[in-house]
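Breakdown of the fold
The lines below spell out each chain.
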Amino acid sequence: MSAPRPAAVIVLAAGEGTRMKSTTPKVLHELCGRSLVDHMLSVARGLEPERLIVVIGHAREQVAEALAKTSPDAHQVVQEQQNGTGHAVRTVLEAVGAIEGTVLVTYGDTPLLRTETLRALLTRHDEDGNAVTVLTAHVPDPTGYGRIIRDATGAVLEIIEHRDATPEQRAITEMNSGVYAFDGTLLADAVKRVSTANSQGEEYLTDVLAILRAEGHRVGAHIAADFAEVEGVNNKVQLSFARRVLNDRILTEHMLNGVTVIDPASTWIDAGVTLEADAVVHPGTQLHGATRIGAGAEIGPGSTLTDTVVGEGAVVRNAVCVSSEIGPRASVGPFAYLRPGTRLGAKGKIGTYVETKNATIGEGSKIPHLTYVGDATIGTGSNIGAGCVFVNYDGVQKRHTTIGDHVRVGSDNMLIAPVEVGDGAYTAAGSVITNDVPPGAMGVARSRQRNVEGWVFRRRAGTASAEAARRALEAGNDT
């Protein structure tokens, strides 16, 4: 039997997370390109719930603003006072009303949970006809987690929080993940009757299980195959562990889909990155955001790409690329910096120690080395010599430079924007181009060389330079 579509998924994300020791709300800490809560919301979407609800509280303005950008489909409910998980769910039901059907409750700090695990929980809940089914796991060290208390037949009796458990109960290794599938109608009634008679004076959602069982309803459990999935992130150590696990999953999926990852241990790829088959990722590479890598492209070593599109068969070596487009069979690096707005055409080249920004470089055009190209359009088949600067900023505003097709810009040129070099034109090495160069012309903008004879002997007498010059002149006179 396939898992039923839940009527709602409620993600609890109102806690402060003091153990993170950070001014950033816990649920907004990022790993693999998404915040903790966005990872959980992404997993929940895989269940295709009729309603997706997230409970916020601590730093709610900051969390609400972030969610509005990344998860506008999630209905936000504010828990003004964080008085426990039961109170959070009661707050949701008071805000939206009772929800008929299956209601899944989970947390915003469990980024390793898989959609498949939640689907299995829903299937068990439906097949067993339970009023509530809790997701559990056996963990080596359950310290801090609620314990699953079962009767002699294995049926779930209740959940005891760690702080309220006896020594015998603390020895139990089956822990409560905090993830539940509820009958929505029964939940709406039972959550109103949750007591605050515990060490924290809070409303525990776990008490709903005992209430429903006492009234004769079925309470069940589904044990997760991997306990790491259900462990929450409460500090930076756990965040680092989750990041590594999630990254390994992402790399494994890409490799199984035909991508070559030379050294997974030194490769980091965000969840939103796409790679086509036969792409090769070399060591020391990071791919962030919405980066897309085409078939047969090679990235790295030592490259960081963010929100960048790389075409089929392109090569990017030792480069940093941000919000850029690299065309098919183009070449970038080593040691290049592509800033936002860079668009490199097919078979183009951006070489060593080149920086580009807001620049469109046409098919087959080359910027091989030691050059800055900002706010520019370069046509097809053109070549920019070494040591050139596109002088785009006059201290007040940015101005544009246009280079035509099949242009040859000489080495050590300063192109003072706004300026245009026409199709097929050349500029001489060492020129400062301040005026347009017509198509087919040679632009020369440099003063005539003048040699001042004897200057070193007069102004640098007694130096090693003067002595070297004297020897050279004497040797020349002897011949």
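Reading the values: rules and limits
- Residues numbered from 1 in each chain as written.
- Predicted model: local features only at pLDDT ≥ 70, side-chain atom pairs only at ≥ 80, totals over all residues.
- Heavy atoms only, no water.
- 1 Å grid on protein atoms, 1.4 Å probe; cavity = no way out; pocket = protein on both sides within 12 Å on 5 of 7 lines; lining within 4 Å.
- Points joined across faces, edges and corners; volume = space filled by probe spheres on them.
- Helix = DSSP H or I, 4+ residues; strand = E, 2+ residues; numbered from the N terminus.
- Nonpolar A, V, L, I, M, F, W, Y, C, P; charged D, E, K, R; others polar.
- Core = buried A, V, L, I, M, F, W, Y, C linked by side-chain atoms within 4.5 Å.
- Buried < 20%, exposed > 50% of the residue type's maximum accessible area, 1.4 Å probe, protein only.
- Contact = heavy atoms within 4.5 Å.
- Salt bridge = Lys/Arg side-chain N within 4 Å of Asp/Glu carboxyl O.
- Expected span 1.5 Å × (residues − 1).
- Arc of directions from axis to C-beta.
- Patch = residues over 30% accessible without salt bridge, like charges linked within 9 Å, V, L, I, M, F, W, Y side chains within 5 Å.
- Areas by Shrake-Rupley, 256 points an atom, 1.4 Å probe, with all protein chains shown as cover.
- Lys, Arg positive; Asp, Glu negative; His and termini not counted.
- Polar contact = N/O pair within 3.5 Å; in protein donor to acceptor, adjacent residues only side chain to side chain.
- Pairing = 2+ DSSP bridges.
- Charge placed at Lys NZ, Arg CZ, Asp CG, Glu CD.

**Overview of the layout of surface pockets**
The computed volume of the largest pocket comes to approximately 1,400 Å³. If you go around the largest pocket, you meet 49 residues; those closest to its centre are Arg19, Lys26, Tyr107, Asp109 and Asn234. For the lining of the largest pocket, the secondary-structure elements that each account for two or more residues are β1 (8–13), α3 (85–96), β10 (174–183) and α8 (236–256). When residues in the lining of the largest pocket are grouped by element, the largest group, five residues, is from β10. Of the residues in the lining of the largest pocket, the class split is 18 nonpolar, 23 polar and eight charged. Of the volumes computed, that of the second largest pocket is approximately 460 Å³. If you trace the second largest pocket, you find 17 residues lining it, with Arg34, Leu246, Arg249, Ile250 and Glu253 closest to the centre. Top contributing element to the lining of the second largest pocket by residue count: α8, with five residues.

**Some remarks on the nonpolar core**
Most often, soluble globular proteins have nonpolar side chains that are buried together. With 54 residues, the main nonpolar core has Leu275, Leu287, Ile293, Val310, Val316 and Ile326 as its most contacted residues. Looking at this core, the elements with two or more residues in it are α8, β22 (319–322), β25 (336–338), β27 (349–361), β28 (366–378) and β34 (419–421). It is α8 that contributes the most residues to this core, five residues altogether. Excluding its chain neighbours within four sequence positions, the residues that come into contact with leucine 287 are Trp268, Ile269, Asp270, Val273, Leu275, Val281, Ile293, Ile299 and Leu305. Among the nonpolar cores identified, the runner-up in size contains 37 residues, and Ala14, Val89, Val194 and Leu212 belong to it.

**Here's the deal with the pattern of salt bridges**
Counted under the stated rule, the structure contains 20 salt bridges. The closest approach of N and O atoms between aspartate 189 and arginine 193, which form a salt bridge, is 2.7 Å. For glutamate 467, the salt bridge identified is with arginine 470, shortest N-O distance 2.2 Å. Residue glutamate 467 and its partner arginine 470 are both found in helix α10 (residues 464–478); the two are separated by three residues, about one turn of the helix. Through salt bridges with shared partners, a single ionic network connects Glu467, Arg470, Arg471 and Glu474.

**A few points about helix α4 (residues 115–128)**
Counted at 1.5 Å a residue, the expected span for α4 with its 14 residues is 20 Å, and the 20 Å between its end C-alpha atoms agrees. All of the buried residues in α4 are Thr115, Thr117, Leu118, Leu121, Leu122, Thr123 and His125. Elements that come into contact with the buried residues of α4 comprise α1 (36–45), β6 (102–107), β7 (132–138), β10 and β11 (219–223). In the segment just after α4, glycine 129 is the residue with positive phi, at about 65°.

**Section: helix α7 (residues 207–214)**
Along α7, the positions that sit buried rather than exposed are Val208, Leu209, Ile211 and Leu212. With its buried residues spanning 165° around the axis, α7 presents them on a single face. The inward-facing, buried residues of α7 abut β7, β9 (156–160), β10, α6 (184–190) and β11. Backbone geometry just downstream of α7 places glycine 216 in the positive-phi region, at approximately 90°.

**A word on the environment of threonine 306**
Inspection of the secondary structure assignment puts threonine 306 in strand β19 (residues 304–306). We classify threonine 306 as partly exposed; its relative accessible area is 23%. Along the primary structure threonine 306 and histidine 288 are separated by 18 residues, whereas in three dimensions their C-alpha atoms are 4.5 Å apart. In this structure threonine 306 touches His288, Thr291, Cys321, Val322 and Ser323, once residues within four positions along its chain are discounted.

**A short note on a nonpolar patch on the surface**
The grouping of Phe335, Tyr353 and Leu370 at the surface amounts to a nonpolar patch, some 350 Å² of accessible area in total. Mapped onto the fold, tyrosine 353 is located in strand β27.

**Some words on the side chain of arginine 147**
By the secondary structure assignment, arginine 147 is in strand β8 (residues 147–150). One buried charge, arginine 147, has no salt-bridge partner; the nearest side chain with opposite charge is aspartate 141, at 6.1 Å. A distance of 2.6 Å separates a polar side-chain atom of arginine 147 from the backbone oxygen of tyrosine 145. Separated by 3.0 Å, the side chain of arginine 147 and the backbone oxygen of isoleucine 172 make a polar contact.

**Thoughts on the pairing of β1**
The buried fraction of β1 amounts to six of the six residues, a majority that puts the element mostly inside the structure. Of the two faces of β1, the one holding Ala8, Ile10 and Leu12 and the one holding Val9, Val11 and Ala13 are both buried throughout. One ladder, built from five bridges, connects β1 with β6; its direction is parallel. Paired with valine 9 across the two strands is leucine 104, which belongs to β6.

**Examining a negative patch on the surface**
Residues Asp405, Glu420, Asp423 and Asp436 make up a contiguous surface patch of negative charge. Position of aspartate 423 relative to the elements: it lies in the loop between β34 and β35 (426–427).

**Considering the environment of alanine 466**
Secondary-structure assignment places alanine 466 in helix α10. Not counting the four nearest positions on each side in its chain, alanine 466 is found in contact with Val456, Phe457, Arg460 and Ala461.

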